[in-house]
There are 2 protein chains.
Amino acid sequence: MPEQKKMVEAITSMDVDFAKWYTDIVKKAELADYSPVRGCMIVRPYGYAIWENIQRILDAEFKRLGHENVGMPLLIPESLLQKEKDHVEGFAPEVAWVTHGGSEMLSERLCIRPTSETLFCEHFSHIVKSYRDLPKLYNQWCSVMRWEKTTRPFLRTAEFWWQEGHTLHETAGEAEAETLRMLGVYADFCENTLAIPVLRGIKTDKEKFAGAVSTYAIEAMMHDGRALQSGTSHYFGDGFAKAFDIAFQGRDNTQQYPHQTSWGMSTRIIGGIIMTHGDDNGLVLPPAVAPIQVAVIPVAQHKEGVLDAANKVADRLRAASYRVKLDDSDNSAGWKYAEYEMKGVPLRLELGPRDIAENKCVIVRRDNRQKYFVSLNGLEAEIEKILVEYRRSIYDKAIENRKTRTFTAGSVDEMIKISEKTTGFIKAMWCGKLECELLIKDKAGLTSRCIPFEQEEISGGCVCCKEPAKSMVVWGKAY
Amino acid sequence: MPEQKKMVEAITSMDVDFAKWYTDIVKKAELADYSPVRGCMIVRPYGYAIWENIQRILDAEFKRLGHENVGMPLLIPESLLQKEKDHVEGFAPEVAWVTHGGSEMLSERLCIRPTSETLFCEHFSHIVKSYRDLPKLYNQWCSVMRWEKTTRPFLRTAEFWWQEGHTLHETAGEAEAETLRMLGVYADFCENTLAIPVLRGIKTDKEKFAGAVSTYAIEAMMHDGRALQSGTSHYFGDGFAKAFDIAFQGRDNTQQYPHQTSWGMSTRIIGGIIMTHGDDNGLVLPPAVAPIQVAVIPVAQHKEGVLDAANKVADRLRAASYRVKLDDSDNSAGWKYAEYEMKGVPLRLELGPRDIAENKCVIVRRDNRQKYFVSLNGLEAEIEKILVEYRRSIYDKAIENRKTRTFTAGSVDEMIKISEKTTGFIKAMWCGKLECELLIKDKAGLTSRCIPFEQEEISGGCVCCKEPAKSMVVWGKAY
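Per chain, the residues get numbers from 1 upward, laid out in the order the sequence is written. For naming, the first written chain is A and the first written ligand is 1, with later ones following in the order written. Per-residue local features of the predicted model are confined to residues with pLDDT of at least 70, and side-chain atom pairs are confined, for both listing and counting, to 80 or more; whole-chain, interface and lining totals are unaffected and use all residues. Based on all heavy atoms of the structure, the side-chain values leave hydrogens and waters out of the count.

A. The sheet that holds strand E16 (residues 324-326) of chain B, seen in detail. All names here are of chain B. Strands pair, by our definition, only if DSSP identifies at least two bridges between them. The secondary structure listing takes helices from DSSP runs of H or I that are at least 4 residues long and strands from runs of E that are at least 2 residues long, numbered from the N terminus. Read from one edge to the other, the open sheet built from 5 strands follows the order E16-E15-E17-E18-E19, with strand pairing classed as mixed. Edge strands, defined here as strands with exactly one partner in the open sheet, are E16 and strand E19 (371-375). Adjacent strand axes in the sheet meet at a mean angle of 25° when their direction is disregarded. The pairing of strand E18 (residues 360-365) with E19 spans 5 bridges and is classified as antiparallel. Bridging across to E19, Val 364 finds its partner in Lys 371. The criterion used for residue contact is that any of the two residues' heavy atoms lie within 4.5 Å. Geometry is summarised by axes, namely lines fitted to C-alpha atoms with helices restricted to the contacting stretch, and by angles between N-to-C directions that run from 0 to 180 degrees. Lying over the sheet, helix H10 (residues 306-319) contacts strand E15 (294-298), E16 and strand E17 (347-351), oriented at roughly 170° with respect to E16. Where helix H13 (residues 379-404) meets the sheet, its contacts fall on E15, E17, E18 and E19, and the angle it forms with E18 comes to roughly 15°.

B. Structural context of the sheet that holds strand E6 (residues 104-112) of chain B. Strand order in the open sheet made by the 6 strands is E4(A)-E6(A)-E5(A)-E5(B)-E6(B)-E4(B), with antiparallel pairing throughout. Sheet topology places strand E4 (75-77) of chain A together with strand E4 (75-77) of chain B at the edges, where each strand pairs with a single neighbour. Averaged over all pairs of adjacent strands, the angle between their axes in this sheet comes to 45°, without regard to strand direction. Here E4(B) runs beside E6(B); their pairing, made up of 3 bridges, is antiparallel. Paired with Ile76(B) across the two strands is Cys111(B), which belongs to E6(B).

C. Representation of the relation of the copies chain A and chain B within the structure. Alignment of the copies relies on least squares applied to C-alpha atoms, considering only residues that score at least 70 for pLDDT in both. Rotating chain A by 180° about the axis while translating it 0.0 Å along that axis superimposes it on chain B, leaving an RMSD of 0.0 Å. When the rotation and shift are considered jointly, the pair of chain copies conforms to a two-fold rotation axis. The rotation axis passes nearest to the C-alpha of Val98(A) in chain A, at a distance of 2.1 Å. Most of the interface of chain A is mirrored in chain B: 100% of its interface residues are interface residues there too.

D. Summary view of the state of the cysteines. To count as a disulfide, a pair of cysteine sulfur atoms needs to be within 2.5 Å. In the structure shown here, the tally under the stated rule is 0 disulfides over all chains. Cys40(B) provides the cysteine sulfur closest to Cys111(A), a residue in no disulfide bond, and the two sulfurs are 12 Å apart. Cys142(B) carries a free sulfur, and the closest cysteine sulfur to it, the one in Cys142(A), is 12 Å from it.

E. Inspection of the packing of aromatic side chains at higher detail. Ring pairs shown here join Phe, Tyr and Trp side chains whose ring centres sit within 6.5 Å, with only the six-membered ring taken for Trp; geometry is labelled stacked below 30 degrees between planes, edge-to-face above 60, and tilted in between. One pass over the full model with this rule turns up 26 aromatic pairs over all chains. Taking 6.1 Å as the distance between ring centres and 45° as the angle between the ring planes, the aromatic pair formed by Phe120(B) and Phe124(B) counts as tilted. Linking Phe120(B) with Phe124(B), this pair stays in helix H6 (residues 117-127), spanning 4 residues, or about one helical turn. Taken as a pair, Phe120(B) and Phe124(B) share a single burial class, namely buried. Taken together, the ring pairs connect Trp51(A), Phe62(A), Trp141(A), Tyr186(A) and Trp263(A) into an aromatic cluster. Buried, partly exposed and exposed residues are distinguished by accessible area as a fraction of the type maximum, computed with a 1.4 Å probe on protein chains only: under 20%, between the cut-offs, and over 50%, respectively.

F. Structural detail: the layout of surface pockets. All names here are of chain B. Buriedness of a pocket was judged along seven lines, with at least five required to meet protein on both sides within 12 Å; pockets are open sets of points on a 1 Å grid over the protein atoms alone, cavities are sets where a 1.4 Å probe fits but cannot get out, and lining residues have an atom within 4 Å of a point. Grid points are joined across faces, edges and corners, and a volume is the space filled by probe spheres set on the points. The volume enclosed by the second largest pocket comes to roughly 2,100 Å³. The element contributing the most residues to the lining of the second largest pocket is helix H3 (residues 45-64), with 5 residues. Taken together, the residues of the lining of the second largest pocket sort by class into 18 nonpolar, 8 polar and 21 charged. Classification convention: Asp, Glu, Lys, Arg as charged; Ala, Val, Leu, Ile, Met, Phe, Trp, Tyr, Cys, Pro as nonpolar; all other residues, Gly among them, as polar.

G. Up close: the pattern of salt bridges. Counted as salt bridges are all cases of a side-chain nitrogen of Lys or Arg within 4 Å of a carboxyl oxygen of Asp or Glu. Summed over all chains, the structure comprises 68 salt bridges over all chains. Across the pair Lys433(A) and Glu467(A) runs a salt bridge, and its minimum N-O distance is 3.0 Å. Remark: Glu467(A) occurs in the loop between strand E22 (447-452) and strand E23 (471-476) and Lys433(A) occurs in the loop between strand E21 (425-430) and helix H15 (434-444); sequence separation between them is 34 residues. Among the residues examined, Glu467(A) registers a relative accessible area of 42% and is labelled partly exposed. Asp86(B) is paired through a salt bridge with Lys85(B); the nearest N and O atoms lie 3.2 Å apart. What makes Lys85(B) exposed here is its relative accessible area of 55%. Look at the salt bridges and you will find they share partners, linking Glu341(A), Arg348(A), Glu350(A) and Arg369(A) into a network.

Read these as spatial facts, not as claims about activity.
What follows is the structure, encoded as structure tokens:
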């Protein structure tokens, strides 16, 4: 099996060079490719199918909660981007500018949306007149562009795909509840669907979104101990509404400004899936978003009846709504095993003449190569059971990694010492002052990931200035 | 019912001013709105829901036929756009140019994709090496941008949403078959799903896509007799493959160039739905893509048991997979009737105390206001039957309009005479020469819509030069 060997050798081991391991997987599993435009990726069919599964599941949840999808323009006039002061300061340095339409120079520059708050606000200002028009619960699936200097497929690219929710509410309380509700949707999606454990928390002022009153985030830990901000939910107060003159007549007939939120999750999460679950043989995909959930491999397929039986099994599983690929190509069984391991297919189903004679098949789990000898009677239910165990296992493995790599520090020196030795989450108390946050970044090379909702009390005051602490912060190195 | 009156009055009659009628519907039915960027529209929730239904149905069909979705970059470097001579000549004059990223001027201008042939080709050149890599059957859902001077929502906007299929094949025969297959998918979708009759045919050389060997199209006739090109499918031969150096090792070990297709359908078709089926009361939507298929209106809803019964009926219909809205707002029944007529909801279901007592309801069709008194036993099946009749009726009405407005001409003078009197399709013979096509355009203000697959023989030779005719062409005025 020379091809199998070649393929397995082609992935750099994650312990040798994690960054190279990541890029190898993206390339070899055919998730994405580089494009002729610097920093922009091509999402290939296998990667896009993962994204479509993510979209399908999230979109159904958004709609269940009453959100409606819209299509907003790609471009934002410069004057519109400038309407909210903090927002333009945050985004103007990293946008792409359109200056010409055909051969004519435009009278005003247009930027390619880095995010669409300004467009939604402008639209809201036209359509919201009365409290009866509220809430507005809008969402958009699209790509956005931020002119990043250094890029890596999925993790940081000039263009990326995402959804951006934008909602408008009668009261601050309602908007705050929506902000938290959508953070919860993201957290549940990561944990239950993607098997990625996340911390839920609020960002420090320094790390919050440009123009937000408060930014909430879910933070996942990658296999190498670095953090991935996996979804954010922002509460805007009425700042944007005032800047864009979105006013409505309230129940008491007075003119009021609505309170606003926005929230987003992007193709970046595919990078999170790779780095949370992958291993030296390639991808390990959560069943809910795997483009192929079961790879059916006929063994000795030239023998009479094998392909027929394999097709029957594949059709049965498809009828039970599994995503199945039957590989009856000329490649050796060994090559196929390596190929579907590389592609992270949760289960491999082997079926040969002897299995058929015994009315059974062999199922092999991708995550730990555990083998199951399964009777063909009740196959569907058995697969369901194995997939549930599989999801639980990869989730537990990620929890275990996070546990091993989570530390507590009582001083900045301790934070430095831990950081010199390893990478992970460091819990430490904080007084709330920017100086301390900056000093920790400067000395230990760590950024505040979030102030988790689940707080712990570590004695000794702020890890930096020793003054009374306001909260426990989780620090780390982030993608 | 002052509100109902106001609403009905607010739509311009289609016979008075068809263009104004169209814009009124787009605005009042809340399909789309203008945006702060000239020529770019906002697709509002109700319009976007129609687009999502179109996407869902087409996407399932593409996938059933083996196509895979991908995500290609938004931007194209100028040098890449220039690789295929005809293609760049066709598109360069109407693209938007990005010249700056953040505060830096780019070393090469990038255009926002007007279509993505060049990006697909560049990618294909990297991933296709052998005949084993073929065919490649790719599709992308995205928005594209063409810097149009005059724009109208859905029909012609600088930015529009679409899908673009791009396929690569081993032989010319396979690629030609794919081109026709996908034209067939579009035609069947229009006729069966959208109830829009279409002509299937090939474009003249003058009207074909920039860079194509041949362009096929489906042409629909709008209520006012003007044509709407509703979908196109292009055969490229190996011209792009040669320009982009996409070569593969063939079965005979020689180096060969693959043959290519592309095909697209866009949000423009929503304009087609409006102008094919709509009337002076607003939209008339085909059931398959209507965001709401049945509007349940409780009558005398303050009376005991009415809302309960209405909710039960709505839930029953939802369980049977209908898209249902129960309107229990304070608005009058009359206002609601007008509102859902405006929005083109196929069926209105009225349910009042007497209906409940008699275990029945009243169903009113949007297209012709026909009333049905339906027993609540077997309601689902009855609705299915009425919707099938409804689709058939709106299709027949469109066929009837096309029949009434289709003419045959034996001379250019005749074509002019017909065009002065009315708008529609004019069948006339053509010799195949560009001069004649241009002369007809110049004298009669008509463009060749297509050379239909279903040819007829009209005696007298080319309608223009009287020389022997090659084919019958359908001429018209187009959106």
